[in-house]
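# Commentary on secondary and tertiary structure
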Amino acid sequence: MDQHPSSISISDFTYDLPQEKIAERPLADRDASKLLIYRQGEISETVFKNISSQLEEESVLIFNNTRVVQARLNFVNTKGQAIEVFCLEPLQAVDIAQAMLVRESTQWKCLVGNLKKWREEGLSLTINDITLNVKLIEKQLENVVVEFWWEPNNLSFAEVLEKTGAMPIPPYLKRKSEEADATRYQTIYAEMNGSVAAPTAGLHFTPEVSEKLKHKEISSLYVTLHVGAGTFKPVKSSNLGGHDMHSEWIEVSRETIQELLKSENKKKIAVGTTSLRTLESLYWMGCKVFNDPQIPLSELEITQWEPYEFPRKEINVSESLSALLAWIDSHKLKQLICRTSILLAPPYKLKLVDGIITNFHQPQSTLLLLISCIVGNKWKDIYNYALKHNFRFLSYGDSSLLLK
C-alpha cells in the first residue's frame, strides 16, 4: 500500500452533526427507515423495506448475530447515591460466550459511574428474586476490575445480567434506557450473548424483509463479533497513528468460511461495520496461515496495523480462505474464535466484501474511516445528502447501502 494510514489527519474526517439529526428513539416499524443508496457515484433513496430491489439476485448478505447483554448495572450505596457499573469484558482472556456461561462468581473489567462515592467494600442489588453482589478489586488506567457473585448461584452470568441489568444504549442518546430498548436495541436474529453495543445496521431487518430477500435468492450467512464499548471511542489524537484500536472477539464457524469460499463469484454485502471487520480479519488470518501452516491460534489475532505491514506478496481470497479451512480442520475445530483489532482506513482495499449496509456514523470515528475505504472521499457527498434530506443519524437512525 502506498500510504500508511497512521499518517491520516482525523480532521479530514469530520462534519457538522447537529444534535437534532441524531435519532433519539427508533421508528415504530424497523423497516420504515429511509435507505440511501450509493452506486457507481450516484446517490438515490428509498425505504428500507424495499432493500431487496436494490440487491443483485443470488447476492450474499453477511450478518453479525451477536446479542447485546444488559451490561449496565445500577447499584446504590448506603447513602442512597447511585453507582453504575458497566461491564466491558471478562478479566481473564477467554472468549465472551464462554464468560457468559460462568456460574457463582466472575471478575470483569468495568467502567464505574460515580466511582468516588463507592466507599463500601461491596454493593448489592436484588431484582426478580436475584441478588447480585459486586466488590471493587482494582483500579486500572482506563477501567476498574470488579468481582461479581450472586444468588441463586446456579444461574449463568448471562441470565443474571438479563434479569438485573439495563440495556447499554449509546451515551450520545443522552437518556436512560427504556423498556422498549430491550427489544428495539437488539436485532431479530441476535443469538450469541456478548455485546455491550448493538450491531445497529441489522436493526432495520424484519421477517418481511427477510422473506423478500429469500424470494430473490439472496442468501444469508452469520458471523459473530462481540461489540465492545470501544466502538464509541472517538479518535482523540490529531492523526490516526496516535489511536489505539480496541480489540474484540470474533467467532466464525467452519461452515460459514466454506460458504464464503463457494461464494467467491457472488456479490457479498456486509450488514454493518462489525460484519465487515470480521470478514476482512478472516482474510488476513488466512494469509497468516498461508505463510505459516503451523501458526498457533495465539498468533492469529489481527492487530490494527498488520494489514498495512504484511509481506508484499498478494494472496488471493481463495488461497487465504482455503488455507484457513485447512488449518481449522488440522486443529479439529468447528469454529474459529479469536480476537481482532483490525483498523480499516484509506488506502485499504476490501478483500472479501463488495459493499455494506450501514447506518450513519459519528464525525472523526474509525467507522467513518472504514466507510471511506468503500466510497473514498465521496463519503462527504453521501453525508451532505443525508443531512440535507432529513436522514436520521447514528444507532437508531436511517440506513445506507454503499457499493464499491
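Sequence order as written defines the numbering, with residues in each chain counted from 1. Per-residue local features of the predicted model are confined to residues with pLDDT of at least 70, and side-chain atom pairs are confined, for both listing and counting, to 80 or more; whole-chain, interface and lining totals are unaffected and use all residues. No hydrogens and no water enter the side-chain calculation; it runs on all heavy atoms of the structure.

Centres within 6.5 Å are what make two rings of Phe, Tyr or Trp a pair, Trp counting through its six-membered ring; a difference in plane orientation under 30 degrees is then read as stacked, over 60 as edge-to-face, and the rest as tilted. Tallied over the entire structure, the rule returns 23 aromatic pairs. Judged by centre distance (5.8 Å) and plane angle (55°), the rings of tyrosine 189 and tyrosine 222 are tilted. Taken as a pair, tyrosine 189 in the loop between α3 (181-184) and β11 (192-195) and tyrosine 222 in strand β12 (residues 219-225) lie far apart in primary sequence, 33 residues in all. Any residue under 20% of the maximum accessible area for its type is buried, any over 50% is exposed, and the rest in between are partly exposed; the area is computed with a 1.4 Å probe on protein chains only. A relative accessible area of 13% means that tyrosine 189 is categorised as buried. Think of it as a cone above the ring: NZ of Lys or CZ of Arg counts as a charge over the ring if it is within 6 Å of the ring centre and within 35 degrees of the ring normal. Positioned above the aromatic ring of phenylalanine 86 is the side chain of arginine 72, whose terminal nitrogen or guanidinium carbon lies 4.5 Å from the ring centre. Going along the chain from the N terminus, every DSSP run of H or I of four or more residues is numbered as a helix, and every run of E of two or more is numbered as a strand.

The next thing to look at is the pairing of β12. Relative to β12, strand β3 (residues 60-64) runs parallel, the two being bridged by 5 bridges. Of the residues in β12, the one forming a bridge with asparagine 64 is valine 223. Here, strands pair whenever DSSP counts at least two bridges between them. The pairing of β12 with strand β13 (residues 248-253) spans 2 bridges and is classified as antiparallel. Paired with threonine 224 across the strands is glutamate 251, a residue of β13.

To continue, consider the pattern of salt bridges. Throughout this description, the term salt bridge denotes a Lys or Arg side-chain nitrogen within 4 Å of a carboxyl oxygen of Asp or Glu. Throughout the structure, instances matching the rule amount to 18 salt bridges. For glutamate 178, the salt bridge is made with arginine 25, and the minimal N-O distance between the two is 2.4 Å. Of this pair, glutamate 178 sits in the loop between α2 (157-164) and α3 while arginine 25 sits in the segment before β1 (34-39), and the two are 153 residues apart along the sequence. One salt bridge connects glutamate 45 with lysine 34, and the closest N-O pair in it is separated by 3.6 Å. With glutamate 45 in strand β2 (residues 42-47) and lysine 34 in strand β1, this residue pair connects regions lying 11 residues apart in the sequence. Residue class for glutamate 45 comes out partly exposed when judged on its relative accessible area of 34%.

Where helices are involved, their axes are fitted lines through C-alpha atoms of the stretch in contact, as for all axes, and angles between N-to-C directions lie from 0 to 180°. At their nearest, the axes of helix α6 (residues 273-291) and helix α8 (residues 317-330) sit 7 Å apart, and the two run at 70° to each other. The angle between α6 and α8 places the two elements in the roughly perpendicular class. Contacts between α6 and α8 pair Leu282, Tyr283, Met285, Gly286, Cys287, Val289 and Phe290 from the former with Val317, Glu319, Ser320, Ala323, Leu324 and Trp327 from the latter. A per-class count over the contact of α6 with α8 returns 10 nonpolar, 2 polar and 1 charged. Should an angle fall under 35 degrees it is taken as roughly parallel, and over 145 as roughly antiparallel, whereas 65 to 115 is taken as roughly perpendicular and any remaining angle as oblique. Note on contacts: a residue pair qualifies if any of its non-hydrogen atoms lie within 4.5 Å across the two residues. Any residue outside Ala, Val, Leu, Ile, Met, Phe, Trp, Tyr, Cys, Pro, Asp, Glu, Lys and Arg is labelled polar, Gly included; the first ten of those are nonpolar and the last four are charged.

For the purposes of this analysis, a disulfide is any pair of cysteine sulfur atoms at a distance within 2.5 Å. Taken as a whole and judged by the stated rule, the model has 0 disulfides. The cysteine cysteine 87 is free of any disulfide, with cysteine 110 supplying the nearest cysteine sulfur at 4.3 Å. This cysteine, cysteine 373, is not joined by any disulfide, and cysteine 287 carries the nearest cysteine sulfur, 16 Å off.

Glancing now at the sheet that holds strand β16 (residues 355-359). Read from one edge to the other, the open sheet built from 9 strands follows the order β2-β1-β17-β16-β14-β3-β12-β13-β15, with strand pairing classed as mixed. Looking along the sheet, the strands with just one partner apiece sit at the ends: β2 and β15 (335-340). Each strand axis lies, on average, 25° off the axis of its neighbour in the sheet, ignoring direction.

What makes arginine 25 partly exposed here is its relative accessible area of 36%. For arginine 25 and serine 210, which are 185 residues apart along the polypeptide, the C-alpha to C-alpha distance reads 23 Å. The residues contacting arginine 25, other than those within four sequence positions of it, are Arg175, Glu178, Arg392 and Tyr396.

Once that is clear, we can look at the packing of helix α5 (residues 254-262) against α8. A pair of packed helices can be characterised by two numbers: the angle between their axes and the separation between those axes. For the pair α5 and α8, interaxial distance at closest approach is 10 Å and the crossing angle is 155°. Here α5 lies roughly antiparallel to α8, going by the angle between them. Of the two possible hands of crossing, α5 and α8 adopt the one that is left-handed. Contact residues: α5 offers Arg254, Ile257, Gln258, Leu260 and Leu261, while α8 offers Ser318, Leu321, Ser322, Leu324, Leu325, Ile328 and Asp329. The residue inventory of the contact of α5 with α8, partitioned by class, reads 7 nonpolar, 3 polar and 2 charged. Should the near helix be turned anticlockwise from the far one by less than a right angle, the crossing is left-handed, and should it be turned clockwise, the crossing is right-handed.

We call a set of buried residues a nonpolar core when its members are Ala, Val, Leu, Ile, Met, Phe, Trp, Tyr or Cys and they connect through side-chain atoms within 4.5 Å of each other. Leu36, Tyr185, Leu276, Phe393 and Leu402 are the most contacted members of the largest nonpolar core, which has 84 residues in total. Of the residues forming this core, the biggest block, 8 residues, is contributed by α6. Within the second largest apolar cluster, 32 residues are counted, among which are Cys87, Ile130, Val144 and Leu161.

On to the side chain of asparagine 143, then. Mapped onto the elements, asparagine 143 comes out in the loop between β9 (130-139) and β10 (144-151). The class for asparagine 143 is buried, based on a relative accessible area of 16%. The residues touching asparagine 143, leaving out its near neighbours within four places in the chain, are Leu88, Lys109, Cys110 and Leu111.

Attention now goes to unusual backbone geometry. Going from glutamate 151 to proline 152, the amide bond is cis rather than trans, its omega being -5°. Mapped onto the elements of the fold, proline 152 is located in the loop between β10 and α2. Following proline 346, the chain continues into proline 347 via a peptide bond in cis, with omega recorded as 10°. Examined against the element boundaries, proline 347 turns out to sit in the loop between β15 and β16. The backbone of lysine 174 sits at a positive phi, close to 55°, despite the residue not being glycine. Of note in the backbone geometry, asparagine 390 takes a positive phi value of approximately 60° without being a glycine. Position of asparagine 390 among the secondary structure elements: in the loop between α10 (379-388) and β17 (399-403).

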